[in-house]
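Each chain, letter by letter, is given below.
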Amino acid sequence: MSNMEDLIISVNGFVENHPLNQVEGVAIKIFDSPIIGIANAGDPLFDQLKEETVSGPHHMTPKEWFPEAKTVISYFLPFTNEVRKSNGVGSEYPSYEWLYGRIEGERFNREVMKFIAEKVIEMGGCALIPAEDSRISSINNRSNWSERHIAYIAGIGTFGLSKSLITEKGSAGRVGSVITNLSYQTTDRTYQEIYEYCNHCGACIHRCPVSAINQEGKKHEPCDAFLSLTKEKFAPRYGCGKCQTAVPCEGRAPGKKGAEIGYL
Ligand code: B12
Ligand code: SF4
Ligand code: SF4
């Protein structure tokens, strides 16, 4: 069994100290340290993602990406309080910090994936990053490697009414993953239901500038159109995330038992 504790300590140090984990011009960090979870590459839920009602037949299993796959390391990088609070002000356009977190923050997210892959190699294993692989693709806004679904399988969190992944450190953040051929101890899923961490409060409904969310869930088309509009206004950046800020699931999992302690 490979040592996961060492990997977690290294990843936390990388996130804490890396110069790219900074919003330029305002001297604040983009991300706090991540929540990391491990899924067994053979978990039957990966096959379930191929169902049309879940993600679709084009969704690839870990072994389709990498035949020797044994585990998938998935993580959620929470935005710092400063980034989250900046976007919680106003319900129309995203804050500079949020836009920066969407674009440069995703660039840093890719560095985190590469760092994890390097650590796996140092531990004697091999690693594959689907997000960086030439086979990554989408059909109708559905990726063949959905990071939120991978995080769900890896015990990191559940979905919410806004369709965001909600974790113990909230929903405002970004997600990443690496497939490995090492046998790390897998993370228990402490939830039974796909919307368990959501308390169905409906706050995200009122936060959305284009009414993409209602009590039945979220429609992706108006959200997609709004993100294109923000690109016209803020190019080369874009983003929104109003449904993930100034809501109870911003920095904690309100539907989880004991969640009142939370991450403030
Ligand atoms: C395409 C895309 C979009 C599209 C459409 C979203 C979509 N289709 O999901 C658009 C452009 C609209 C979009 C918008 C945003 N996005 Co986006 N997007 C993606 C992308 C590239 C793929 C998403 C995907 O494949 N979805 C697949 C479909 C099937 O998902 P779904 O419909 O929600 O799935 C439902 C079903 O599966 C159902 N279900 C039914 N039966 C079952 C059974 C089981 C077992 C399970 C698990 C589920 C399930 O439950 C799910 C929830 O209802 C991912 C990156 C990636 N590769 O994963 C980022 C990603 C989802 N986006 C992200 C973000 C942050 C955003 C924005 C906030 C924009 C911004 N940064 O400012 C907004 C709003 C997000 C929101 N409220 O969900 C983050 C999510 C972070 C989080 N906490 O959830 C991701 C993961 C990027 C990242 N690397 O961090 N996005
Ligand atoms: S704001 Fe409330 S209803 Fe919306 S996803 Fe978060 S917890 Fe669920
Ligand atoms: S990210 Fe999409 S769903 Fe969320 S508030 Fe913005 S437009 Fe609405």
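Under an unreviewed UniProt entry, the chain has the name Epoxyqueuosine reductase QueG and belongs to Anaerosolibacter carboniphilus.

(A) Structural detail: the overall build of the chain. When you go through the chain residue by residue, the secondary structure sums to eight helices and twelve strands. Expected size for 264 residues packed as a compact globule is a radius of gyration near 18 Å; at 18 Å, the chain falls within 12% of this value. By principal-axis analysis of the C-alpha atoms, the chain measures approximately 50 × 40 × 40 Å. Classification of the 264 residues of the chain by burial places 52% in the buried group. In the chain, 76% of the contacts between residues at least 6 apart in sequence involve partners at least 24 apart. Charged side chains in the chain number 28 positive and 32 negative. The centres of these two groups are separated by 3 Å.

(B) Broad picture of the packing of aromatic side chains. Enumeration according to the criterion identifies 13 aromatic pairs in this entry. With centroids separated by 6.3 Å and ring planes inclined at 35 degrees, the aromatic side chains of Tyr 152 and Phe 159 adopt a geometry described as tilted.

(C) Spotlight on the site of ligand 1. The full set close to ligand 1 counts 39 residues, and Val 54, Ser 143, Glu 147, His 149 and Tyr 195 are the nearest of them. In this structure, an oxygen atom belonging to ligand 1 sits 2.8 Å away from a side-chain N or O atom of Arg 148. Here His 149 contributes a side-chain N or O atom positioned 2.7 Å from an oxygen atom of ligand 1. Elements with a contribution of two residues or more to the shell around ligand 1: helix 2 (45-48), helix 5 (96-122), strand 7 (142-143), helix 6 (147-153), strand 10 (173-180) and helix 8 (220-234). Taken together, the residues of the shell around ligand 1 break down into 15 nonpolar, 15 polar and nine charged.

(D) Layout of the sheet that holds strand 10. Strand order in the open sheet formed by four strands is 3-4-10-5, and the pairing between neighbours is antiparallel. Of all the strands in the sheet, just strand 3 (35-40) and strand 5 (127-128) have a single pairing partner and so form its edges. Direction of pairing for strand 5 relative to strand 10: antiparallel, over a ladder of two bridges. Its bridge partner being in strand 10, Ala 127 is matched across the sheet by Thr 180.

(E) Quick peek at the pattern of salt bridges. Counted by the stated rule, this structure contains 15 salt bridges. Salt-bridge contacts for Glu 52 lead to Arg 142; the nearest nitrogen and oxygen are separated by 3.9 Å. A residue pair is termed long-range when its members are at least 10 positions apart, and Glu 52 in the loop between helix 2 and helix 3 (62-65) and Arg 142 in strand 7 qualify at 90 residues. In this structure, Arg 174 engages Glu 106 in a salt bridge whose closest nitrogen and oxygen atoms are separated by 2.7 Å. On the criterion of sequence distance, the pair formed by Arg 174 in strand 10 and Glu 106 in helix 5 is long-range, its members being 68 residues apart.

(F) How the structure looks around helix 5. Between its terminal C-alpha atoms helix 5 stretches 37 Å, which fits the 39 Å expected from 27 residues at 1.5 Å a residue. Gly 105 marks the point of greatest bend in helix 5, at about 40 degrees. One or two positions beyond helix 5, positive phi appears at Gly 124, with a value near 95 degrees.

(G) Broad picture of the site of ligand 2. Near ligand 2, the surroundings consist of Gly 160, Leu 161, Ser 162, Cys 198, Asn 199, His 200, Cys 201, Gly 202, Cys 204, Val 247, Cys 249 and Pro 254. The class makeup of the residues in the shell around ligand 2 is seven nonpolar, five polar and no charged.

(H) Region of interest: empty space enclosed by the protein. Following the criterion strictly, the structure yields one cavity of 30 Å³ or more and no others. Taken as a whole, the largest cavity holds about 100 Å³ of empty space. Looking at side-chain class alone, the lining of the largest cavity contains nine nonpolar, five polar and no charged residues.

(I) Expanded view of the nonpolar core. Ranked by internal contacts, the top residues of the largest apolar core, which has 37 residues, are Phe 46, Trp 65, Val 72, Trp 145, Ile 156, Ile 179 and Ile 213. Only strand 3, strand 4 (71-78), helix 6, strand 9 (165-167), strand 10 and helix 7 (203-207) provide two or more residues apiece to this core. The element that contributes the greatest number of residues to this core is helix 6, accounting for four residues. Counting residues in each nonpolar core, the second largest holds 31 residues, with Phe 14, Phe 31, Ile 116 and Tyr 184 among its members.

Calculation rules
Residues numbered from 1 in each chain as written. Chains lettered and ligands numbered in written order. Predicted model: local features only at pLDDT ≥ 70, side-chain atom pairs only at ≥ 80, totals over all residues. Heavy atoms only, no water. Helix = DSSP H or I, 4+ residues; strand = E, 2+ residues; numbered from the N terminus. Rg over C-alpha atoms; globule rule 2.2 N^0.38 Å. Buried < 20%, exposed > 50% of the residue type's maximum accessible area, 1.4 Å probe, protein only. Contact = heavy atoms within 4.5 Å. Lys, Arg positive; Asp, Glu negative; His and termini not counted. Charge placed at Lys NZ, Arg CZ, Asp CG, Glu CD. Phe/Tyr/Trp six-rings, centres within 6.5 Å; stacked < 30°, edge-to-face > 60°. Near = heavy atom within 4 Å. Polar contact = N/O pair within 3.5 Å; in protein donor to acceptor, adjacent residues only side chain to side chain. Nonpolar A, V, L, I, M, F, W, Y, C, P; charged D, E, K, R; others polar. Pairing = 2+ DSSP bridges. Salt bridge = Lys/Arg side-chain N within 4 Å of Asp/Glu carboxyl O. Expected span 1.5 Å × (residues − 1). Bend = angle between axes of the 7 residues up to and from the residue. 1 Å grid on protein atoms, 1.4 Å probe; cavity = no way out; pocket = protein on both sides within 12 Å on 5 of 7 lines; lining within 4 Å. Points joined across faces, edges and corners; volume = space filled by probe spheres on them. Core = buried A, V, L, I, M, F, W, Y, C linked by side-chain atoms within 4.5 Å.

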